[in-house]
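Residues per chain are reported as follows:
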Amino acid sequence: TLSTKEDHVDVLIVGAGPAGLMLANWLSRCRVKTRIVDKRGSKVFNGQADGLQCRTLEIFDSFDFAHRAWREANHMLEICLWNPDENGHLQRSDRIPDTIPGISRFQQVVLHQGRIERFFLDSIKEHSDIRVERGVLPTSFNFDEAKAGDFEDYPISVKLSTLSEEESTPQQQLQHQRSSDGQETVVEDGLFRSNLVADDTEDLIQATEAKGNRKSNQVEHIKAKFLVGCDGAHSWVRRQVGFNLEGGSTDYIWGVLDIVPITDFPDIRHRCAIHSADAGSLMVIPRENKLVRLYIQLQATDCQKNGSKADRSWITPEIILKSAQRIVHPYKLDYAYCDWWTAYQIGQRVSNKFSQSERVFLAGDAVHTHSPKAGQGMNVSMQDTYNLGWKLAHVINGLSEPSILQTYESERRQIAQDLIAFDHRFSRLFSGRPAKDIMDEEGVSMEEFKSAFEKGNEFASGIAVDYATSILVAKETDVAEQDKDTIISKPQLAVNIDIGKRMPSFKVLNHADARPWHLQELLKSNGRWRVIVFPGRLTESQNMERFERLGAALGGPDSFIRQFTPPDKSIDSVIEVLTVHSGSRTKVELLDLPEAFHPHHGDMGWDYWKVFVDEESYHEGHGQAYENYGIDPNHGVSVIIRPDQYVSWVGEVDDYEQMSRFFTSFMKQQAGN
Ligand code: FAD
C-alpha cells in the first residue's frame, strides 16, 4: 500500500546497544508504550565490551537475570602487575584483589556484549510486547519546542525508513584462519563499529531518500512524547539536537584481540597489567570459553603511514599480536584461534548537554567516550538509562511531576565527567613507561601505579556513584530559618548508609518464614519507591510505640502513600513499606504489627514479604544488618529508597512529616482518592 503508516508512542529509542536495551527493559516493566529501532540488521554476536561491574550485576539482579551473567561469565578475582626489574627483565611485582572485598555481593566478571544484549532481549520479551526493530533508520526529526511543556502532547516527529538487508549489514574485513584440524573459519572483526572507519548513517539516509516514494510502505511517521538517542558515539540524535562533545582526542590507538592463547606466560588466567621496559604496555583480560582478551596500545608507527591519520587497513590481528609478543618477551605468546579483534582510537569527551527540554535525551556512548582500559563503557552506558528509565515511566504514567526528569542530566553528566577524569589519570599511568629508578620523574613508579589501581577499583566497581542533592536526594542536614521547606536528613542515625549512594546490602530474615535474603534482593526494579523502616528492637516499648505511631500515619486514609497511589492499584504498587526490625523474631508476632507494615491484599490475604528481622539464620550465618548499616537498635531509623536503589532520605523512624514532604515535592495526587 502507498499510504504512509503513522504511530503514536510514549518513548522512541534510537539504538539497541546496551544503553537502548536497558531503557527498553525498564519501560517493559512499567508498561510504557515504547518503540526501539536500530539501523543494524542483527545484534552484536561477539567481541566489543565485556567487563561487568559489581553495580551492573546488582542492577541485573534487580531485573532477575544476574544469575545468567554470573554463571556464564569469567570471574576475575586477582590482578597481577608485571614490570621490568632493575635489569629490564619482566617480573611479577604485585598481586591485588580485582574487586575490593566486601564492596558488593557480586564481583567483577567478564562476558561479551552479545550475551548481555541477549539477556536484555529475553527479559524485554518476557515482560512486554516491545521488540527491537532492526534495519530501521530514522531519517528525519522535528521537535515542536513550543509544545514541550505539555506532557500529554507528542511534540516529536521522526520518520523511520526500513533498510534493505544489504544496507543494514555492514561490510566486514574478513580474515580466514585455519585450525589445527585443517578447518578454515572466518574471523570477525569489529572495525565496522570502530571509529577508525567513517560512520555510514548519512550515506544510508541519502540512499533511502533517493529511493523516494517507490517504497513508501517502508516509511513510517512516529509521533513521540520522548525521544532517547542511544545511538552510540556517532549519534544521529545528538546531531539533530546540536549538542557538542567536549574534550580531546588522544593519539592512542588500541588494538583488541580475543584469542585462545598458546603461551608460557604464567598469569594468563589472571587479569594483568604488563608494563615492558620499552615495548609499551598490555592488559590481559581472561574471558569465558577459554578466551583471553589482549588490549594493546599500538605504537603510532604500527598503523600510520608517513605521519598520516591512522589507517585501518594497516591494522591486522598480526600487528596486534606482534606488539603483544614484544611486550611479554621473553615469554612466548601465540594463538591458533582468534574469535574477534578490533582497533580504535580514543577520544575522551563528554556532551555539553544530555537533554533537550526534558523531551529528547541522550545516553551511553552518544554522550561520553573514553578508553576501554577500565571496562567502563558498557557499564556506564547502561547505568545512564537505568537512571532515566523509571523517571520517564513515572512521568508518563502520571505518578510524578516532569521536574524529576531534570535530575537525569544533573546526575549522569557528573558521572560522565568523573569517568573522563578517571580515564585521564589512568591513561597516563597505563601508557607511561615504567620508572627506571626513583630519580626517574617522567616514568611511572609501580607504587604509584598500584595505588592508583586500588583507588581506581572503587570507582570501577560502580559502587562509588554518589548523586548530588536534588528533589530526589535529600542531603541537607540543617536549614536556615528562611528555608523551612527544605527536607532534612539525619545521616547520623545510619552512619554506613550514604544518602545519594546505592543502598548497601546485608542479609536479613523474613519474619514470617525465617528465610534469609540479601536486603537488595527485596529492592526489585519494578518502579516502586520504598520506605524501609528499621524500628530497632521491638521488644522495647518505646521503639514499638514509635513504630505503631508511624504505622497509624502510613495506614491512614489520607496518608501520602494513599494519595500518590491510583485507587485501583495495590497499596504497595507506588510506595512499598518494608521493615527490618532487630528482634526478636520469636517474641514479636507479625500479625500484631500495624497493617501498614504487612498490608492485606483482599483475596490474596496478608502480605508476608514485607517484614524482616536482623537475626541469626539457621544455615547462612548472621547478616548483622544493624551493625553493618551503623544503626542503633535502641533507636532505629527510616530510609527512603528510589526505584533505582539509591538512597534519598534518612531520618527518624516516625518522622512521617518529613517523608510526606519529600514525596509531596514531586509526586502527583491521584484522582479518586
Ligand atoms: P552502542 O553499543 O554503540 O550501541 C549503539 C547502537 O545504535 C548500535 O546498535 C548501532 O547500530 C545503533 N545506531 C547507531 N546509529 C544509529 C542510527 N542512526 N539509527 C539507528 N540505530 C543506530 N567497551 C569496553 O568496556 N571494553 C571494550 O573492549 C570495548 N571495545 C569496544 C570496541 C569497539 C569497536 C567499540 C565501538 C566500542 C567498544 N567498547 C568497549 C565500548 C562499548 O562497546 C560501548 O561503551 C557500549 O557499547 C556503549 O553502549 P551504547 O548502547 O551507548 O552504544
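The structure under discussion appears in the preceding block.
Residues numbered from 1 in each chain as written. Predicted model: local features only at pLDDT ≥ 70, side-chain atom pairs only at ≥ 80, totals over all residues. Heavy atoms only, no water.

(A) Region of the structure containing the overall build of the protein. A tally of helices and strands in the protein yields 16 helices and 28 strands. Taken over 673 residues, the protein has a buried fraction of 58%. Considering only residue pairs separated by 6 or more positions, the protein has 74% of its internal contacts joining residues 24 or more positions apart. (Helix = DSSP H or I, 4+ residues; strand = E, 2+ residues; numbered from the N terminus. Buried < 20%, exposed > 50% of the residue type's maximum accessible area, 1.4 Å probe, protein only. Contact = heavy atoms within 4.5 Å.)

(B) Structural detail: the nonpolar core. Judged by nonpolar contacts, the single largest core of 164 residues is most densely connected at Phe60, Leu392, Met503, Trp529, Phe534 and Phe663. Among the elements that take part in this core, helix H10 (residues 377–396) stands out by supplying ten residues, more than any other. (Core = buried A, V, L, I, M, F, W, Y, C linked by side-chain atoms within 4.5 Å.)

(C) Geometry of the site of the ligand. Around the ligand, the structure places 32 residues, and the nearest of them are Ala19, Asp38, Arg293, Tyr295 and Asp365. Within the contact set of the ligand, an oxygen atom lies 2.7 Å away from a side-chain nitrogen or oxygen of Asp365. Relative to its unbound accessible surface of 980 Å², the ligand loses 93% to contact with the protein. Broken down by secondary-structure element, the contributors of at least two residues to the shell around the ligand are helix H1 (18–29), strand E9 (136–143), strand E17 (292–298), strand E18 (333–351) and H10. When residues in the shell around the ligand are grouped by element, the largest group, three residues, is from H10. Tallied by class, residues from the shell around the ligand come to twelve nonpolar, 13 polar and seven charged. (Near = heavy atom within 4 Å. Polar contact = N/O pair within 3.5 Å; in protein donor to acceptor, adjacent residues only side chain to side chain. Areas by Shrake-Rupley, 256 points an atom, 1.4 Å probe, with all protein chains shown as cover. Nonpolar A, V, L, I, M, F, W, Y, C, P; charged D, E, K, R; others polar.)

(D) Geometry of the sheet that holds strand E24 (residues 529–536). The strand order E23-E22-E26-E25-E24-E27-E28 describes an open sheet built from seven strands, whose pairing is mixed. Each edge of the sheet is formed by a strand with only one pairing partner; in this case those strands are strand E23 (516–518) and strand E28 (647–651). Adjacent strand axes in the sheet meet at a mean angle of 30° when their direction is disregarded. Pairing analysis gives three bridges linking strand E25 (residues 575–581) to strand E26 (residues 611–613), with the strands arranged parallel. If you follow Thr579 over to E26, its bridge partner there is Val611. Its contacts with the sheet put helix H13 (residues 541–555) on E24, E25 and strand E27 (637–641), and the angle it makes with E24 is roughly 155°. (Pairing = 2+ DSSP bridges. Axes fitted to C-alpha atoms, helices over the stretch in contact; angles between N-to-C directions.)

(E) Just the sheet that holds strand E4 (residues 74–75), in detail. Pairing is antiparallel across the open sheet formed by three strands, whose spatial order is E3-E7-E4. In this open sheet, the two edge strands, each paired with only one partner strand, are strand E3 (51–52) and E4. Sheet analysis places E3 next to strand E7 (residues 109–110), joined by two bridges and oriented antiparallel. For Leu52, the partnering residue across the bridge sits in E7 and is Val109.

(F) Quick peek at the pairing of strand E15 (residues 271–275). For E15, the buried fraction is high: five of the five residues fall into the buried class. Residues Arg271, Ala273 and His275 of E15 are buried on one face, and the alternating residues Cys272 and Ile274, pointing to the opposite face, are buried as well. Relative to E15, strand E5 (residues 78–84) runs parallel, the two being bridged by four bridges. By the bridge assignment, Cys80 is partnered in E15 with Cys272. Here E15 folds back onto strand E16 (residues 281–286) in antiparallel fashion, the turn holding five residues, of which Gly280 has a positive phi close to 95°.

(G) A look at the environment of Leu227. Of note, Leu227 is situated in strand E13 (residues 219–229). Placed 68 residues apart in sequence, Leu227 and Tyr295 show a C-alpha to C-alpha distance of 35 Å. With residues near it in sequence (within four places) discarded, Leu227 still touches Leu12, Val14, Phe141, Ile156, Val158, Val237, Arg359, Val360 and Phe361.

(H) Main features of the side chain of Asn379. Mapped onto the fold, Asn379 is located in helix H10. Reaching out from Asn379, the side chain makes a polar contact with the backbone oxygen of Gly51 at a distance of 2.8 Å. When residues no more than four places from it in sequence are discounted, the contact partners of Asn379 are Gly51, Leu52, Gln53 and Thr56.

(I) How the structure looks around empty space enclosed by the protein. This model, assessed by the stated rule, comprises four cavities of 30 Å³ or more. Computed from the structure, the largest cavity encloses a volume of approximately 80 Å³. Lining of the largest cavity is provided by Asp50, Gly51, Met76, Gln108, Val110, Arg271, Ile285, Tyr295, Pro372, Lys373, Ala374 and Gly375. Looking at the lining of the largest cavity, its residues break down into six nonpolar, three polar and three charged. By volume, the second largest cavity is sized at about 50 Å³. Split by residue class, the lining of the second largest cavity holds two nonpolar, five polar and one charged. (1 Å grid on protein atoms, 1.4 Å probe; cavity = no way out; pocket = protein on both sides within 12 Å on 5 of 7 lines; lining within 4 Å. Points joined across faces, edges and corners; volume = space filled by probe spheres on them.)

(J) The arrangement of H1 in detail. With twelve residues, H1 ought to run about 16 Å at 1.5 Å a step, and its terminal C-alpha atoms sit 17 Å apart, in line with that. Across the twelve residues of H1, twelve count as buried, placing the element largely inside the fold. Buried residues of H1: Pro18, Ala19, Gly20, Leu21, Met22, Leu23, Ala24, Asn25, Trp26, Leu27, Ser28 and Arg29, and no others. Two residues or fewer after H1 comes Arg31, characterised by a positive phi angle close to 55°. (Expected span 1.5 Å × (residues − 1).)

(K) Fine view of the packing of H1 against H10. Where H1 meets H10, the closest approach of the two axes is 8 Å, and the angle between their N-to-C directions is 30°. When the interaxial angle is binned, H1 and H10 end up roughly parallel. When you trace H1 past H10, the crossing you get is right-handed. Where H1 abuts H10, its residues Pro18, Ala19, Met22, Leu23, Trp26 and Leu27 lie against Met378, Ser381, Met382, Thr385, Tyr386, Gly389, Trp390, Leu392 and Ala393. (Parallel < 35°, antiparallel > 145°, perpendicular 65-115°, else oblique. Left-handed = near helix turned anticlockwise from the far one by under 90°.)

(L) Broad picture of a nonpolar patch on the surface. A cluster of nonpolar side chains, contributed by Leu591, Tyr608 and Trp609, occupies part of the molecular surface with about 330 Å² of accessible area. Tracing the backbone through its elements, the reader meets Leu591 in the loop between E25 and E26. (Patch = residues over 30% accessible without salt bridge, like charges linked within 9 Å, V, L, I, M, F, W, Y side chains within 5 Å. Salt bridge = Lys/Arg side-chain N within 4 Å of Asp/Glu carboxyl O.)

(M) Region of the structure containing the packing of aromatic side chains. Counted under the stated rule, the structure contains 32 aromatic pairs. Judged by centre distance (5.7 Å) and plane angle (90°), the ring pair of Trp82 and Tyr331 falls under edge-to-face. Taken as a pair, Trp82 in strand E5 and Tyr331 in the loop between helix H9 (317–328) and E18 lie far apart in primary sequence, 249 residues in all. Within the aromatic cluster, the residues linked to one another by ring pairs are Trp390, Trp529, Phe560, Tyr656, Phe662, Phe663 and Phe666. (Phe/Tyr/Trp six-rings, centres within 6.5 Å; stacked < 30°, edge-to-face > 60°.)

(N) Seen up close, helix H4 (residues 113–127). Spanning 15 residues, H4 covers 21 Å between terminal C-alpha atoms, matching the ideal 21 Å at 1.5 Å per step. Among all positions of H4, only Gln113, Gly114, Ile116, Glu117, Phe119, Phe120, Leu121, Ser123 and Ile124 are buried. The inward-facing, buried residues of H4 contact H1, E3, helix H2 (54–62), helix H3 (66–72), strand E8 (132–134) and H10.

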